[in-house]
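This is what each chain is made of:
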Amino acid sequence: MEQTLSIIKPDAVKKNVIGKIIERFESNGLRIVAMKKLQLSECDAKAFYGVHKDRPFFGDLVAFMVSGPVVVMVLEGANAVLKNRELMGATNPKEAAAGTIRADFAESIDANAVHGSDSLENAQKEIAFFFSQREIC
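As the structure is a prediction and not an experimental result, all values here were calculated from the model.

## A look at the pattern of salt bridges
Under the criterion given, the structure shown has 6 salt bridges. Glu 42 is paired through a salt bridge with Lys 46; the nearest N and O atoms lie 3.0 Å apart. Taken as a pair, Glu 42 and Lys 46 lie in helix 3 (residues 42-48) at a separation of 4 residues, close to a single helical turn. Under the relative-accessibility criterion, Glu 42 is labelled partly exposed at 46%.

## So, the nonpolar core
Counting 21 residues, the largest nonpolar core has Ile 7, Met 65, Phe 130 and Phe 131 as the members making the most contacts within it. For this core, the elements supplying multiple residues, two or more each, are strand 1 (2-8), strand 2 (31-38), helix 3, helix 4 (58-65), strand 3 (70-77) and helix 7 (120-130). The dominant element in this core, judged by the number of residues it contributes, is helix 4, at 5 residues. Residues within four places of Met 65 in sequence aside, it is in contact with Ile 7, Lys 9, Pro 10, Leu 40, Ala 45, Tyr 49 and Val 70. Residues Phe 25, Leu 30, Ile 101 and Phe 105 belong to the second largest nonpolar core, which totals 20 residues.

## A few points about the UniProt feature "active site" (unreviewed entry) in the protein chain
UniProt marks His 115 with the feature "active site" (unreviewed entry), using the numbering shown here. Relative to the elements of secondary structure, His 115 occurs in strand 4 (residues 114-116). If we ignore the near neighbours within four places in the chain, the residues touching His 115 are Leu 5, Ser 6, Ile 7, Lys 9, Phe 48, Tyr 49, Asn 84, Met 88, Arg 102 and Glu 126.

## Things to note about the packing of aromatic side chains
Enumeration according to the criterion identifies 4 aromatic pairs in this entry. Geometrically, the ring pair formed by Phe 48 and Phe 130 is tilted, given 5.2 Å between the ring centres and 50 degrees between the ring planes. Of this pair, Phe 48 sits in helix 3 while Phe 130 sits in helix 7; the two residues are 82 residues apart in sequence, bridging distant segments of the chain. Each member of the pair, Phe 48 as well as Phe 130, carries the same accessibility label: buried. Ring centres of Phe 129 and Phe 130 lie 4.9 Å apart, and the angle between their planes is 75 degrees; this geometry places the pair in the edge-to-face category. Owing to a relative accessible area of 34%, Phe 129 belongs among the partly exposed residues under this scheme. By the ring-pair criterion, three or more aromatic residues cluster together here, those being Phe 48, Tyr 49, Phe 129 and Phe 130. A cation over a ring is seen here: Lys 36 above Phe 131, with NZ or CZ 4.7 Å from the ring centre.

Calculation rules
Residues numbered from 1 in each chain as written. Predicted model: local features only at pLDDT ≥ 70, side-chain atom pairs only at ≥ 80, totals over all residues. Heavy atoms only, no water. Salt bridge = Lys/Arg side-chain N within 4 Å of Asp/Glu carboxyl O. Helix = DSSP H or I, 4+ residues; strand = E, 2+ residues; numbered from the N terminus. Buried < 20%, exposed > 50% of the residue type's maximum accessible area, 1.4 Å probe, protein only. Core = buried A, V, L, I, M, F, W, Y, C linked by side-chain atoms within 4.5 Å. Contact = heavy atoms within 4.5 Å. UniProt positions renumbered as here; feature names shortened; annotations may be inferred. Phe/Tyr/Trp six-rings, centres within 6.5 Å; stacked < 30°, edge-to-face > 60°. Lys NZ or Arg CZ within 6 Å of the ring centre and 35° of its normal.

Here's what the structure looks like:
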């Protein structure tokens, strides 16, 4: 059983599609074992996305992620990292397969509705960024 981190980003929260996105996870064998809604600070966003700090889009990414509340979740299931990435679709919603979260709910490559861990190693780090072990049930 794997765990992965999912973030419903400010654009999707603002569109009020949190429940629709959660339903995609649950109906595809992923169980939510931790969840909270929060407002990232600039410091939080810079730390979380620090791996991208030298990329030209870093400033815009940080500004977007602090522009409104997000919903962070720990998803659990068989092959959770891969399953979540399949459900999300390509980063650019114009390239995302029909029926994926990004194809259905994202506005652009920048406002792309969701984040998901890209590996088990990163999932563990990202989960620990947002959740203590006692918050995960």
